[in-house]
Structures are given as C-alpha cells and as structure tokens.
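# A structural walkthrough
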Amino acid sequence: MADGTARLRIKKGDLVKIITGKDRGKQGHVIEVRPSERRVLVEGLNQMKRHTRPRPVKDSSRMGGPGIIPGGIIEKPAPISVSNVMIVCPVCNHATRVGTKIVERKGEQRKVRVCRREGCGQEIDK
C-alpha cells in the first residue's frame, strides 16, 4: 500500500498454525499484529530468552518501601513473519488460506473472511 501499512488477513485472537521454522506444526492464538512489519506475535510460540538486570520500580514509595523488579532470564514470544503462519478454520479445523466475500446482514453489506479449502467455504468471522 502507498502509506507503508500492509493489509493483513490475520487478526488479534485468531488461531494460527506455524508452517515453517522451529515450531512447525504447532498452533496458538495471535496476541498482537504488526502490519507495518508484516509480523505477528503468537502466544507461547517462537519463544526467545531475554537477560534482564534488576531495576527499581518507579513510584515505589507509595507501595511501602523500595521495590525492585528481579533480574534473570525471561522467556517471551518473538514476532514471526505472516508468511510463516496460516489461519486455522474454526469449522473444518485445518490450516487454510483466507478469502473474502461480501455478505448482507441486517440491511448492510459487510466484508467477511472465509475458508478457502475445497468443500468448506465457511466464514471465519462470526
């Protein structure tokens, strides 16, 4: 797109399946979508380790004494490319490509995402 943001067919909360990489075959829910980077964060997958040092908490005087966030090794999910994940259809429970179709509901037309698998074609958005 002209403004630098790309349209993605994956939304926050979608169940996705990893199709390449160290977590191939695993499924998880999307925590965050980053359209400008074309990346998504998937809950519990593509974990990375971050070494942090202990640091004091801001406004610790209100909590009754000096507070310190402990240091150590923290595991958190790293962003994964959109091309490496596929949406899992809630109806047929298979990883699928996503299509769109226009549906009329309550007198207004809406664009909904649909499963592209042959024989399914059901709506992903409910």
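Structural data are supplied above this passage.
Residues numbered from 1 in each chain as written. Predicted model: local features only at pLDDT ≥ 70, side-chain atom pairs only at ≥ 80, totals over all residues. Heavy atoms only, no water.

### A look at the nonpolar core
As a rule of thumb, soluble globular proteins bury nonpolar side chains together. Among the nonpolar cores identified, the biggest contains 14 residues, and I10, V16, V40, V42 and V85 are the most heavily contacted of them. Broken down by secondary-structure element, the contributors of at least two residues to this core are β1 (15-18), β3 (39-42) and β9 (85-88). In this view, V42 contacts V16, I18, G28, H29, I31, P77 and I80; residues no more than four positions away in its chain are not counted. (Core = buried A, V, L, I, M, F, W, Y, C linked by side-chain atoms within 4.5 Å. Buried < 20%, exposed > 50% of the residue type's maximum accessible area, 1.4 Å probe, protein only. Helix = DSSP H or I, 4+ residues; strand = E, 2+ residues; numbered from the N terminus. Contact = heavy atoms within 4.5 Å.)

### Notes on the pattern of salt bridges
Two side chains carrying opposite charge are able to pair once their charged atoms lie near each other. In the structure shown here, the tally under the stated rule is six salt bridges. Linking R113 and D14 is a salt bridge whose minimum nitrogen-to-oxygen distance equals 2.8 Å. In this pair, R113 is assigned in strand β12 (residues 108-115) and D14 in the segment before β1, connecting sequence segments 99 residues apart. Residue R113 is classed as buried on the basis of its relative accessible area, which comes to 7%. Residue classification places D14 among the buried residues on the basis of a relative accessible area of 11%. In this structure, the salt-bridge partner of R105 is E123, at a minimum N-O distance of 2.3 Å. Pair noted here: R105 is in strand β11 (residues 98-105) and E123 is in the segment after β12, with a separation of 18 residues, a long-range link. One salt-bridge network, in which partners are shared between bridges, spans E32, R34 and E37. (Salt bridge = Lys/Arg side-chain N within 4 Å of Asp/Glu carboxyl O.)

### Focus on the environment of L45
Here L45 is to be found in the loop between β3 and β4 (47-52). Taking relative accessible area as the criterion, L45 reaches 7% and is therefore assigned buried. A C-alpha to C-alpha distance of 7.9 Å links L45 and A78, two positions 33 residues apart in sequence. Not counting residues up to four positions away in its chain, the partners in contact with L45 are I18, D23, K26, Q27, G28, P77 and A78.

### Digging into the sheet that holds β3
The six strands are arranged β8-β3-β2-β1-β9-β10 in an open sheet whose pairing can be described as antiparallel. Each end of this open sheet is capped by a strand with a single partner; those strands are β8 (80-81) and β10 (95-96). Note that strand β2 (residues 27-34) and β3 share four bridges and pair antiparallel. In the strand pairing of β3, V30 is matched with V42. (Pairing = 2+ DSSP bridges.)

Bear in mind that shape data such as this cannot, by itself, settle questions of function.
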